[in-house]
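Chain and residue survey
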Amino acid sequence: MHKDCERIMLTEEQLRTRITEVAREVDERYQGKRPLVVGILKGSIIFYADFIRHLSCPVELDFMAVSSYGSGTVSSGKLKIKKDLDKDVRGRDVIVVEDIIDSGFTLANLKALLLERGANSVVIVTLLNKEERREYDIEPDYNCFDIENEFVIGYGLDYDEQYRNLPYIGILRRELYEG
Ligand code: PRP
């Protein structure tokens, strides 16, 4: 375990088993379709790569990078698009792949945006769900793990851009982010 982790929350094996299970459920829903699978950079990259390998339907891959306007703690504005999709979503069945849903700001706004752009359907797949932090009216259609409100790192998730490459989900030691 990395020295900056307090403990491992989800092991590589737990991640592999549950992601396979969820991906197979999603796959059944898309038989005969050709979804556009949208990864939200950067946190989702490892989950995304593992998830899509279990889909048997033909898929197209695309990515977006978004953030909320301003750096304040209150997310009141709309999404700022740092990198937009290459594809036109009009008429497409879109699967949005996210590492974590927290307040729900990102996914609530993103889903609204994709529907506004004419997507035929938008289904949200998340690796982690911090239900108790929710402020916006949005739920994932598929979620791998419900977690407590801990500072999690690894498997794509960062603290100050570090730890994304850890192969498991760990809890960051408190003294590293508390003054
Ligand atoms: C994280 C995460 C979601 C968002 C969730 O992204 O990947 O996009 O925050 O929070 P919310 O539900 O309160 O909107 P972050 O801005 O940390 O970017 P990153 O994926 O590049 O790490």
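Coordinates for the structure precede this section.
Scope of this entry: the structure provided in the associated data block. These numbers were taken from a predicted model, which means no experiment stands behind them.

Cut-off values and rules
Residues numbered from 1 in each chain as written. Predicted model: local features only at pLDDT ≥ 70, side-chain atom pairs only at ≥ 80, totals over all residues. Heavy atoms only, no water. Helix = DSSP H or I, 4+ residues; strand = E, 2+ residues; numbered from the N terminus. Polar contact = N/O pair within 3.5 Å; in protein donor to acceptor, adjacent residues only side chain to side chain. Pairing = 2+ DSSP bridges. Core = buried A, V, L, I, M, F, W, Y, C linked by side-chain atoms within 4.5 Å. Buried < 20%, exposed > 50% of the residue type's maximum accessible area, 1.4 Å probe, protein only. Contact = heavy atoms within 4.5 Å. Near = heavy atom within 4 Å. Areas by Shrake-Rupley, 256 points an atom, 1.4 Å probe, with all protein chains shown as cover. Arc of directions from axis to C-beta. Axes fitted to C-alpha atoms, helices over the stretch in contact; angles between N-to-C directions.

Structural notes on the environment of His-54
You can see His-54 is positioned in the loop between helix 2 (45-52) and strand 3 (60-68). Through-space distance from the C-alpha of His-54 to that of Val-22 is 9.2 Å; in sequence the pair is 32 residues apart. Engagement of the side chain of His-54 in a polar contact is seen with the side chain of Thr-20, the distance being 3.4 Å.

Quick look at the sheet that holds strand 8 (residues 152-153)
Read across the open sheet, the three strands follow the order 1-9-8; overall the sheet is antiparallel. Only two strands of the sheet have a single partner each, and these edge strands are strand 1 (5-10) and strand 8. Of the pairings in the sheet, the one linking strand 8 to strand 9 (residues 169-172) comprises two bridges and is antiparallel in character. Looking across to strand 9, one finds that Ile-153 is bridged to Gly-170.

Focus on unusual backbone geometry
Here the bond from Leu-41 into Lys-42 is cis, since omega is -5°, no more than 30 degrees from zero. Looking at the element boundaries, Lys-42 is found in the loop between strand 2 (36-41) and helix 2. Even without being glycine, Glu-161 reaches a positive phi, approximately 70°. Along the chain, Glu-161 turns up in the loop between strand 8 and strand 9.

Let's talk about the nonpolar core
By size, the foremost hydrophobic cluster in this structure holds 30 residues, and its most contacted members are Val-26, Phe-47, Phe-51, Val-125, Leu-127, Leu-128 and Ile-169. Breaking this core down by element, the ones donating at least two residues are strand 1, helix 1 (12-29), helix 2, strand 5 (93-101), strand 6 (121-129), strand 7 (142-146) and strand 9. Counting residues per element, this core draws most heavily on helix 1, which supplies five residues. In contact with Phe-51, not counting residues within four places along its chain, are Ile-19, Ala-23, Val-26, Ile-95, Val-97 and Val-125. Ranked by size, the runner-up nonpolar core spans 21 residues in total, among them Met-64, Leu-110, Leu-114 and Ile-138.

Side note on the site of the ligand
Residues in contact with the ligand amount to 14 residues; listed here are only the nearest, Glu-98, Asp-99, Ser-103, Gly-104 and Thr-106. At 2.9 Å, a backbone N or O of Lys-42 approaches an oxygen atom of the ligand. At 2.5 Å from an oxygen atom of the ligand is found a side-chain nitrogen or oxygen belonging to Asp-99. Protein chains shield 72% of the accessible area of the ligand, which is 500 Å² for the free molecule. Every element with two or more residues in the shell around the ligand is listed here: strand 5 and helix 3 (105-116). With four residues, strand 5 is the largest single contributor of residues to the shell around the ligand.

Looking at helix 2
Each α-helix winds once per 3.6 residues, and so residues spaced three or four apart point in a common direction. Listed in full, the buried residues belonging to helix 2 are Phe-47, Tyr-48, Phe-51 and Ile-52. Down the axis of helix 2, the smallest arc covering the buried residues is 115°, so these residues share one side. Here the buried face of helix 2 lies against helix 1, strand 2, strand 3, strand 5, strand 6 and strand 7.

Some points on the environment of Ile-46
Relative to the helices and strands, Ile-46 is located in helix 2. Spatially, the C-alpha atoms of Ile-46 and Pro-167 are 8.8 Å apart, while their sequence positions differ by 121 residues. Every residue in contact with Ile-46, bar those within four places of it in the chain, is listed here: Tyr-155, Gly-156 and Arg-164.

Comments concerning the sheet that holds strand 4 (residues 79-83)
One open sheet accounts for six strands, arranged 4-3-2-5-6-7; its pairing is mixed. In this open sheet, the two strands that pair with only one neighbour each are strand 4 and strand 7. Neighbour-to-neighbour, the strand axes of the sheet open up by a mean angle of 30°, direction not taken into account. Contacts from helix 3 reach strand 2, strand 3, strand 4, strand 5 and strand 6 within the one sheet, and its direction differs from that of strand 5 by about 170°.

Keep in mind these values describe shape, not function.
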